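Fold and contact review
Residues per chain, in single letters:
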Amino acid sequence: MQEIDINITEVCPRDGFQSINEFIPTEEKVEIINNIIDCGFKQIEVTSFVHPKAIPQLRDADEVLKNIKRSDKVKLRALVPNVRGLERAIDAGVDKVKLMLSASDSHSISNANCKTIEALQGFESLVNLADRSKMKVSGSISVAFGCPYEGDVPLERHIMICEYYQSLGINEISLADTTGMANPIKTKEIVRGLKQLFPTITFSLHLHNTRGMAFANAFAGWQEGIIDFDSSIAGIGGCPYAPGASGNISSEDLIHGFEEMGLNTGVSIDKVLNLAQELQKKYPEYSDSFILKAGKCSDLQAAPTQQQKIVK
């Protein structure tokens, strides 16, 4: 088997579904997730165990986990905001939970109703419970490359957050361009700075294509040693607490781009594209990707035949 160069976590069932206003029936969510599992992803973010009033779309998280087709080859990850969410995730049998945190105080107040340091301090009880339950925990930093309320997030802010995460024993952290404000230079600077200071932490990138920069930022991250990325089939998704932040980088664009560069993702681009086309038909106003529009580079067309010279 060919060695995998790029690890992609599919987040459509969480980040994608939460952006869709009309409620997706539970059985439909289960069918979509089962199809995602068949695509070859090694990890899927299946849902978020938030209060139903916060994100009504995900109120059936427990039921979804009961009915999806499990596979030993696929790890299931869920987002948890608090102890109650973690308890539900443990009961549902996910493999890993991801903590929710904003880099800026303004976004944190909007998202979690508290400042960043207060949110960090609240994680200790979650981590202790996760340790007792043998549950793996990863961290995240939302609006890592720009806050819609405060602008640029200084590297010192990230260092403080990473130091706190590290003190809790967390060694996986997702850097999220929640509002699509990143650019390749900024991505390189933040990733390089953090990787140098925290060599034992595995960083990943969660990119949004709000301003068309997502793959350029993914490439910049890869140049700095990032091999773990989040993406959403058909580009569905966005943060409900960040104005205008629609559009995760699509899985088909990310997979196609890296595979064209000769990097193996271990995911079937054809299966992903077929599913993306189905989702685009169901949710056209939420779906968008370059590969959905243009197809793969390998999709060659019949060459034109030589035409006879027209004689006037």
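Anyway, here's the lowdown on the structure attached to this text. (Residues numbered from 1 in each chain as written. Predicted model: local features only at pLDDT ≥ 70, side-chain atom pairs only at ≥ 80, totals over all residues. Heavy atoms only, no water.)

Digging into the overall build of the chain
- Within the chain one finds 12 helices and 8 strands.
- For 312 residues, the compact-globule estimate of 2.2 N^0.38 gives 20 Å, and the C-alpha radius of gyration of the chain, at 20 Å, lies within 12% of that figure.
- With the C-alpha coordinates aligned to their principal axes, the bounding extent of the chain is approximately 85 × 45 × 40 Å.
- Counting the 312 residues in the chain, one finds 53% classified as buried.
- Pairs at least 24 residues apart make up 76% of the contacts formed inside the chain by residues separated by at least 6 positions.
- The average position of the 32 basic charges and that of the 40 acidic charges among the side chains of the chain differ by 2 Å. (Helix = DSSP H or I, 4+ residues; strand = E, 2+ residues; numbered from the N terminus. Rg over C-alpha atoms; globule rule 2.2 N^0.38 Å. Buried < 20%, exposed > 50% of the residue type's maximum accessible area, 1.4 Å probe, protein only. Contact = heavy atoms within 4.5 Å. Lys, Arg positive; Asp, Glu negative; His and termini not counted. Charge placed at Lys NZ, Arg CZ, Asp CG, Glu CD.)

Looking at the pairing of strand S1 (residues 7–10)
- Pairing between S1 and strand S8 (residues 228–231): 4 bridges, direction parallel. Across the sheet, the residue bridging to Asn-7 is Asp-228, located in S8.
- Both S1 and strand S2 (residues 43–48) contribute to a ladder of 2 bridges, which runs parallel. Considered in S2, the bridge of Glu-10 is made with Ile-44. (Pairing = 2+ DSSP bridges.)

Overview of helix H8 (residues 184–197)
- Between its terminal C-alpha atoms H8 stretches 20 Å, which fits the 20 Å expected from 14 residues at 1.5 Å a residue.
- Three or more residues of H8 are buried, namely Lys-186, Thr-187, Lys-188, Ile-190, Val-191, Gly-193 and Leu-194. (Expected span 1.5 Å × (residues − 1).)

Details of the pattern of salt bridges
- The tally for this structure, following the rule as stated, stands at 19 salt bridges.
- With a shortest N-O distance of 2.5 Å, Asp-62 and Arg-88 are connected by a salt bridge. Taken together, the positions of Asp-62 in helix H3 (residues 61–67) and Arg-88 in helix H4 (residues 83–92) put the pair 26 residues apart, joining distant regions of the chain.
- For Asp-62, a relative accessible area of 27% gives the class partly exposed.
- Its salt-bridge partner being Lys-186, residue Asp-152 comes within 2.8 Å of it at the nearest N-O pair. One end of the pair, Asp-152, is in the loop between strand S5 (136–141) and helix H7 (155–167); the other, Lys-186, is in helix H8, with 34 residues separating them in the sequence.
- A network of salt bridges, in which partner residues are shared, links Arg-14, Asp-15, Glu-45, Arg-77, Lys-98 and Asp-230. (Salt bridge = Lys/Arg side-chain N within 4 Å of Asp/Glu carboxyl O.)

Structural notes on the side chain of Asn-34
- Structurally, the position occupied by Asn-34 is in helix H2 (residues 26–37).
- Here Asn-34 is in contact with Ile-68 and Lys-69, once residues within four sequence places are set aside.

Some words on the environment of Leu-263
- For Leu-263, the location among the structural elements is in the loop between helix H10 (251–260) and helix H11 (269–282).
- We classify Leu-263 as buried; its relative accessible area is 12%.
- When the C-alpha positions of Leu-263 and Leu-79 are compared, they lie 28 Å apart, and in sequence the two are 184 residues distant.

Let's talk about the sheet that holds strand S6 (residues 172–177)
- The 8 strands lie next to each other as S1-S2-S3-S4-S5-S6-S7-S8, forming a closed barrel whose pairing is parallel. This sheet shows a mean twist of 30 degrees between the axes of neighbouring strands, independent of strand direction.
- Here H8 sits on the sheet in contact with S6 and strand S7 (202–207), set at roughly 160 degrees to S7. (Axes fitted to C-alpha atoms, helices over the stretch in contact; angles between N-to-C directions.)

Let's talk about the pairing of strand S4 (residues 96–99)
- Burial along S4 is two-sided: the residues Lys-96 and Lys-98 and Val-97 and Leu-99 are all buried.
- Bridge count between strand S3 (residues 75–80) and S4: 4 bridges; the pairing is parallel. Within S4, the residue paired with Ala-78 across the bridge is Val-97.
- Crossover connection from S3 via H4 to parallel S4: handedness right-handed.
- Here 3 bridges tie S4 to S5, and the two strands are oriented parallel to one another. Residue Lys-98 lies in a different strand from S5, and its bridge partner there is Ser-138. (Right-handed = clockwise from strand over helix to strand, strands pointing away.)

Considering the side chain of Ser-174
- Within the secondary structure, Ser-174 is located in strand S6.
- Given the relative accessible area of 3%, Ser-174 is considered buried.
- Those residues in contact with Ser-174 that sit more than four places away from it in its chain are Lys-98, Gly-139, Ser-140, Ile-141, Ser-204, His-206 and Asp-230.

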